[in-house]
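# A closer look at the structure
Residue-level listing of the chains:
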Amino acid sequence: MTVHFIGAGPGAADLLTLRAVRILESSPVCLYAGALVPPEVLDHCPPGARLVDTADLDLEAITAELVAAHERGEDVARLQSGDLSVYSAVSEQIRRLEEAGVPYSLTPGVPAFAAAAASLGQELTVPTVGQTIILTRASRNATTMPPGEELDNLARTGALLVLHLATNLVEDVVETLLPHYGEDCPAAVVAMASRDDEVVARCRLADLATTVRGKGIRRTALLFVGRALEAGDFEDSHLYSTACAAARRDDPLPPPLLRS
């Protein structure tokens with residue numbers, strides 16, 4: 001058997017990948033975060049599947065469920081919100097599975113920042129304005145940030161910042177970023193991206209804290225800060241330029257392989 005870690009996406013049930021659906025349909029056990037994974041996702045599980053909400057389980061209890069399923073010879077669909085590559089807490093689960101000799105696989109999902117960008121209705125990398133995105137978080141009571149990754153250091157780059165797990169520290173975030181980005185820098189907050197109760201608000205950095213508090217946003221939200229959020233005067237991408245199109249015509253890609 002295999003423990004299949006699955007990125008369940010930002011919240012909307014129809015943002016699951018086809019691969020994720022196939023795994024859910026064939027797994028007799030499913031562990032999921034009830035506060036973050038919509039009930040509609042569980043409709044893909046087979047009849048009689050063991051459904052375990054991990055909301056009140058610690059890491060050891062979750063590991064015990066996964067190992068027990070392995071001993072029964074049952075595949076497990078382990079649903080994690082967003083994408084597994086960012087703030088999914090999958091690393092510590094994998095470490096314990098490797099210690100127990102339990103095989104696993106990873107299926108990516110739509111990351112929260114991508115869904116939030118779609119809600120904002122824009123590309124985050126704008127030619128000649130911003131080509132770098134920094135995904136980070138704020139830290140107070142959570143796991144300490146590694147040396148050099150403090151928010152003040154990251155802000156010195158001037159890149160577009162996307163902050164996870166930061167709404168409760170938004171005042172500290174604004175105070176840290178103001179010297180680097182300025183009061184008038186575009187900012188935004190997106191909560192519950194892709195869901196029916198989604199909240200999207202744009203503002204200036206100086207007003208970000210009052211905007212977040214005024215909207216009553218407390219969790220499941222991302223903060224965006226950077227000039228790319230309001231870029232109007234920028235050069236077109238070289239990708240679709242006349243010169244680039246001519247180069248593609250002169251040196252076309254090989255035709256795709258045809259199935260026999």
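Computed from a prediction, not measured in an experiment: that's the story for all the values here.

### Re the environment of V200
- By the element assignment, V200 lies in strand β9 (residues 199-204).
- Residues V200 and V52, 148 residues apart in the sequence, show an inter-C-alpha distance of 32 Å.
- Each residue touching V200, except ones within four places of it in the same chain, is listed here: S119, L120, V189 and V190.

### What to know about the pattern of salt bridges
- Taken as a whole, this structure holds seven salt bridges when the rule is applied.
- Salt-bridge contacts for E60 lead to R96; the nearest nitrogen and oxygen are separated by 3.2 Å. Of this pair, E60 sits in helix α2 (residues 59-72) while R96 is found in helix α3 (residues 90-100), placing the two residues 36 residues apart along the sequence.
- With a shortest N-O distance of 3.2 Å, R227 and D184 are connected by a salt bridge. With a gap of 43 residues between them, R227 in the loop between β10 (221-225) and α8 (242-250) and D184 in the loop between α6 (170-181) and β8 (186-191) connect regions that are remote in the sequence.

### Details of the side chain of T63
- Within the secondary structure layout, T63 lies in helix α2.
- Within polar-contact distance, the side chain of T63 engages the backbone oxygen of L59 at 2.8 Å.

### Overview of the domain arrangement of the protein
- Domains assigned within the protein are domain 1 (3-107) and domain 2 (112-229).
- Between the C-alpha centres of domain 1 and domain 2 there is a distance of 28 Å.
- Facing the eight residues of domain 1 at the interface are eleven residues of domain 2.
- Taken together, the two surfaces of domain 1 and domain 2 that pack against each other cover about 750 Å², and 60% of this comes from carbon and sulfur.
- Among the residues domain 1 hides against domain 2, the three largest losses belong to P10, L36 and Y87. Together they make up 63% of the total.
- Remark: the boundary between domain 1 and domain 2 carries zero salt bridges.
- There are four residue pairs in polar contact (both at pLDDT 80 or more) connecting domain 1 and domain 2.
- Residues belonging to the side of domain 1 that touches domain 2 are distributed by class as follows: seven nonpolar, one polar and no charged.

What counts, and at which threshold
Residues numbered from 1 in each chain as written. Predicted model: local features only at pLDDT ≥ 70, side-chain atom pairs only at ≥ 80, totals over all residues. Heavy atoms only, no water. Helix = DSSP H or I, 4+ residues; strand = E, 2+ residues; numbered from the N terminus. Contact = heavy atoms within 4.5 Å. Salt bridge = Lys/Arg side-chain N within 4 Å of Asp/Glu carboxyl O. Polar contact = N/O pair within 3.5 Å; in protein donor to acceptor, adjacent residues only side chain to side chain. Domains from an automatic or database assignment. Buried area = accessible area lost by both parts, 1.4 Å probe. Nonpolar A, V, L, I, M, F, W, Y, C, P; charged D, E, K, R; others polar.

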